[in-house]
Amino acid sequence: MKPDTSQPTHGDHNPTPSRRGFLGVAAAGLAGVLIAPGVRLIEIAQAAPAATGATSKVRWGMLIDSSKCSSGCTDCVSACNTENGLSGGTLPTDSQWIRKIEIKDVHSGKLQSLPMMCQHCAEPPCVDVCPTGASFKRADGIVLVDKHICIGCRYCMMACPYKARSFVHSPQTNQNPNVPRGMGTVESCTLCVHKVDRGEQPACVSACSQAGHEAIVFGDLNDPNSEISKRVAKYPARQIRENLNLNTGVRYLGV
């Protein structure tokens, strides 16, 4: 699947208007949807998503070592919920940006526990199907949702082969100002982009390290001297559903 080259590249200084961009603004104008108390989508529909500092020289990614990830550990999930203001899945309709899944080798019967989140594909299906351009990929490979122009159609949720996206069903309060969320929009793992842009590690990576597991490495896949690139070069890292040729930014060892 190839990205629609007619859509604007988020992070460019002079983005070119496109049909999808106009559709997004038109849809927002018609809807006038509340994304937060007192703030209507129409008021900020034309605001460009911030991608300051994003460059194609960098490709952010994660490497997860399944041999160091135990089935009973949910430190990464808890850290994600706390950092991004998520409820933690107390209700069936709650958003879930990262979850633990169990996989079983059909031949050996071996069970493995893996964290699953948005895989930040180089060829993201969610971007391909989005009618307004709300789903987009930054120059540095991070896949995000622009809440200003998301109309909640949920096409991206259906297109994602990793079931990584959630729909916000209820009004949001007490939000982290760095992580805007809004009822009627779709959301997913952002790799804690607000932290990455400050030179910090994603919350799940820090929590895993602080717990002593060291199961997740985060870094620049384009830098041959980065720790993640060295490990990918040395060990047989795999992509989940790699037959789809999406070139995911999240890789796994031991699967």
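Residues numbered from 1 in each chain as written. Predicted model: local features only at pLDDT ≥ 70, side-chain atom pairs only at ≥ 80, totals over all residues. Heavy atoms only, no water.

The next point concerns the sheet that holds strand β3 (residues 60-65). If you trace the three strands from one edge of the open sheet to the other, you get β10-β3-β11, paired in mixed fashion. The strands lining the two open edges of the sheet, one partner per strand, are β10 (216-220) and β11 (250-253). With direction set aside, neighbouring strand axes in the sheet form an average angle of 20 degrees. One ladder, built from five bridges, connects β3 with β10; its direction is antiparallel. Bridge pairing links W60 to D220 in β10. Sheet strands touched by helix α7 (residues 203-210): β3 and β10. Its angle to β10, the strand with the most contacts, is close to 135 degrees. (Pairing = 2+ DSSP bridges. Helix = DSSP H or I, 4+ residues; strand = E, 2+ residues; numbered from the N terminus. Axes fitted to C-alpha atoms, helices over the stretch in contact; angles between N-to-C directions. Contact = heavy atoms within 4.5 Å.)

Atomic detail in the predicted coordinates should be set aside for any region of low pLDDT. Summary statistics for the protein give a mean pLDDT of 83 and a share of 79% for residues scoring 70 or more. This stretch, residues 1-9, has a pLDDT under 50; its non-local contacts, to residues over four places away or in other chains, come to 16 contacts. Long-range and interchain partners of residues 11-51, a stretch whose pLDDT sits below 50, account for 61 contacts in this model, where long-range means more than four residues apart. (pLDDT = per-residue confidence, 0-100.)

A negative phi angle is the norm for most residues apart from glycine, just as the trans form is the norm for most peptide bonds. The residue H120 is not glycine, and still its phi comes out positive at about 50 degrees. Topologically, H120 is positioned in the loop between β5 (111-117) and α4 (125-129). Of note, the phi angle at N245 is positive, near 55 degrees, even though the residue is not glycine. When you line up the elements, N245 lands in the loop between α8 (227-234) and β11.

The residue C80 is located in helix α3 (residues 75-84) in this model. Sequence separation between C80 and I98 is 18 residues, and the spatial gap between their C-alpha atoms is 7.2 Å. Discounting residues that sit within four places of it in the chain, C80 has contacts with L86, W97 and I98.

Before going further, it helps to spend a moment on α3. In terms of burial, α3 is largely enclosed, as seven of its ten residues are buried. For α3, the set of buried residues is C76, V77, A79, C80, N81, E83 and N84. Count one or two residues on from α3 and you reach G85, which has phi positive near 70 degrees. (Buried < 20%, exposed > 50% of the residue type's maximum accessible area, 1.4 Å probe, protein only.)

Let us look at a nonpolar patch on the surface. Where nonpolar side chains cluster on the molecular surface, the patch consists of V129, Y155 and M158 and spans about 310 Å² of accessible area. By relative accessible area, which is 43% here, Y155 ends up partly exposed. (Patch = residues over 30% accessible without salt bridge, like charges linked within 9 Å, V, L, I, M, F, W, Y side chains within 5 Å. Areas by Shrake-Rupley, 256 points an atom, 1.4 Å probe, with all protein chains shown as cover. Salt bridge = Lys/Arg side-chain N within 4 Å of Asp/Glu carboxyl O.)

On to the packing of α3 against α7. Direction vectors running N to C along α3 and α7 enclose 135 degrees, while the axes themselves pass 8 Å from each other. It follows that α3 is oblique to α7 by the angle criterion. The crossing of α3 and α7 is right-handed. In this structure, α3 uses D75, C76, A79 and E83 to contact α7, whose residues at the interface are A203, C204 and A207. Tallied by class, residues from the contact of α3 with α7 come to five nonpolar, no polar and two charged. (Parallel < 35°, antiparallel > 145°, perpendicular 65-115°, else oblique. Left-handed = near helix turned anticlockwise from the far one by under 90°. Nonpolar A, V, L, I, M, F, W, Y, C, P; charged D, E, K, R; others polar.)

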